[in-house]
Amino acid sequence: MEVLDEYDINIIKELEKDGRMAFSAIATSLKISNTMVHQRINRLIDQGVITGIKPVINEKKIGYDWGAFTGITLNKDADSKRVIDELKEIPEITECYFITGSFTLYIKMIAKDHEHMRKLLYEKIDNIPGIAKTDSIIELGCAFKRNVTF
C-alpha cells in the first residue's frame, strides 16, 4: 500500500479538477515548485497510484445510449483468463471484474441501441466458449461516478 502525503493528495485533487492542467498551474495553486509537481506525478504514475491521465468520454454523446451490467457464469473458473482475453476483443465492453457470489465475472458494456445490445449478448458474448450463462441488467443512467476522495 502506498502512503500518500499532503502534497500527493493535493496534486491529485488538482488533476481531478482538470487532468489537462499544466504542472506549472498546479505548482502555482499549491505554492510549490514545478519540479516538485513533475517529480510527484511521475512517482505516483511509476507506483501505479495514478494509472493514467486520459479523457473521460460521455458515451451517450457519441451515440451509445444503452448500458448494461452483465454477470457471467463460466463452465469452469479455470477458463477465466481465456474468456477475459476474448471479452477484451469486444470494444463495447468497458469494464470487467472478478466477483464473488453467483457469477465469476461481471462486465459493463455499452451499445448504440437495443438491437446492438442484443447482438453483443447473443452473437458475441454467448458464443465465447466456456461461458455457461449470462444475466444482464440494463442501466438507466449514471447517478454519479467518481474516484475515492481523500
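Residues numbered from 1 in each chain as written. Predicted model: local features only at pLDDT ≥ 70, side-chain atom pairs only at ≥ 80, totals over all residues. Heavy atoms only, no water.

1. Considerations on the packing of helix α1 (residues 6-17) against helix α2 (residues 23-30)
Helix packing for two helices is described by the angle between their axes and how far apart those axes are.
Piece 1. Running from amino to carboxyl end, α1 crosses α2 at an angle of 125 degrees, the nearest separation of the two axes being 10 Å. Classified by the angle between their axes, α1 and α2 sit oblique to one another. For the pair α1 and α2, the crossing hand works out as right-handed. For the pair α1 and α2, the contacting residues are Asn10, Ile11, Glu14 and Leu15 in the first and Ile26, Ser29 and Leu30 in the second.
Piece 2. Per-class residue counts for the contact of α1 with α2 are 4 nonpolar, 2 polar and 1 charged. (Axes fitted to C-alpha atoms, helices over the stretch in contact; angles between N-to-C directions. Helix = DSSP H or I, 4+ residues; strand = E, 2+ residues; numbered from the N terminus. Parallel < 35°, antiparallel > 145°, perpendicular 65-115°, else oblique. Left-handed = near helix turned anticlockwise from the far one by under 90°. Contact = heavy atoms within 4.5 Å. Nonpolar A, V, L, I, M, F, W, Y, C, P; charged D, E, K, R; others polar.)

2. Concerning the packing of aromatic side chains
Piece 1. According to the stated counting rule, one finds 2 aromatic pairs in the structure shown.
Piece 2. Geometrically, the ring pair formed by Phe69 and Tyr106 is stacked, given 6.4 Å between the ring centres and 15 degrees between the ring planes. Taken together, the positions of Phe69 in strand β1 (residues 66-74) and Tyr106 in strand β3 (residues 105-111) put the pair 37 residues apart, joining distant regions of the chain.
Piece 3. Classification of Tyr106 by relative accessible area gives partly exposed; the value is 23%. (Phe/Tyr/Trp six-rings, centres within 6.5 Å; stacked < 30°, edge-to-face > 60°. Buried < 20%, exposed > 50% of the residue type's maximum accessible area, 1.4 Å probe, protein only.)

3. As for the side chain of Lys108
Piece 1. Here Lys108 lies in strand β3.
Piece 2. By relative accessible area, which is 12% here, Lys108 ends up buried.
Piece 3. Setting aside residues no more than four positions away along its own chain, Lys108 makes contact with Glu59, Ala68, Phe69, Glu92, Ile93, Thr94, Glu95 and Glu139.

4. Section: the layout of surface pockets
Rolled over the atoms, a probe with the dimensions of a water molecule shows which regions are left empty.
Piece 1. What the largest pocket holds in volume is close to 1600 Å³.
Piece 2. Where the lining of the largest pocket is concerned, the elements lending two or more residues are α1, β1, β2 (93-98) and β3.
Piece 3. By residue number, the principal contributor to the lining of the largest pocket is β3, which donates 4 residues.
Piece 4. Among the residues forming the lining of the largest pocket, the class breakdown is 18 nonpolar, 7 polar and 10 charged. (1 Å grid on protein atoms, 1.4 Å probe; cavity = no way out; pocket = protein on both sides within 12 Å on 5 of 7 lines; lining within 4 Å. Points joined across faces, edges and corners; volume = space filled by probe spheres on them.)

5. Things to note about the environment of Thr51
Piece 1. With respect to the helices and strands, Thr51 occurs in the loop between α3 (34-46) and β1.
Piece 2. Sequence-wise, Thr51 and Asn127 are 76 residues apart; in three dimensions their C-alpha atoms are separated by 32 Å.

6. Quick word on unusual backbone geometry
Piece 1. Even without being glycine, Lys31 reaches a positive phi, approximately 60 degrees.
Piece 2. Relative to the helices and strands, Lys31 is located in the loop between α2 and α3.
Piece 3. Owing to a relative accessible area of 75%, Lys31 belongs among the exposed residues under this scheme.

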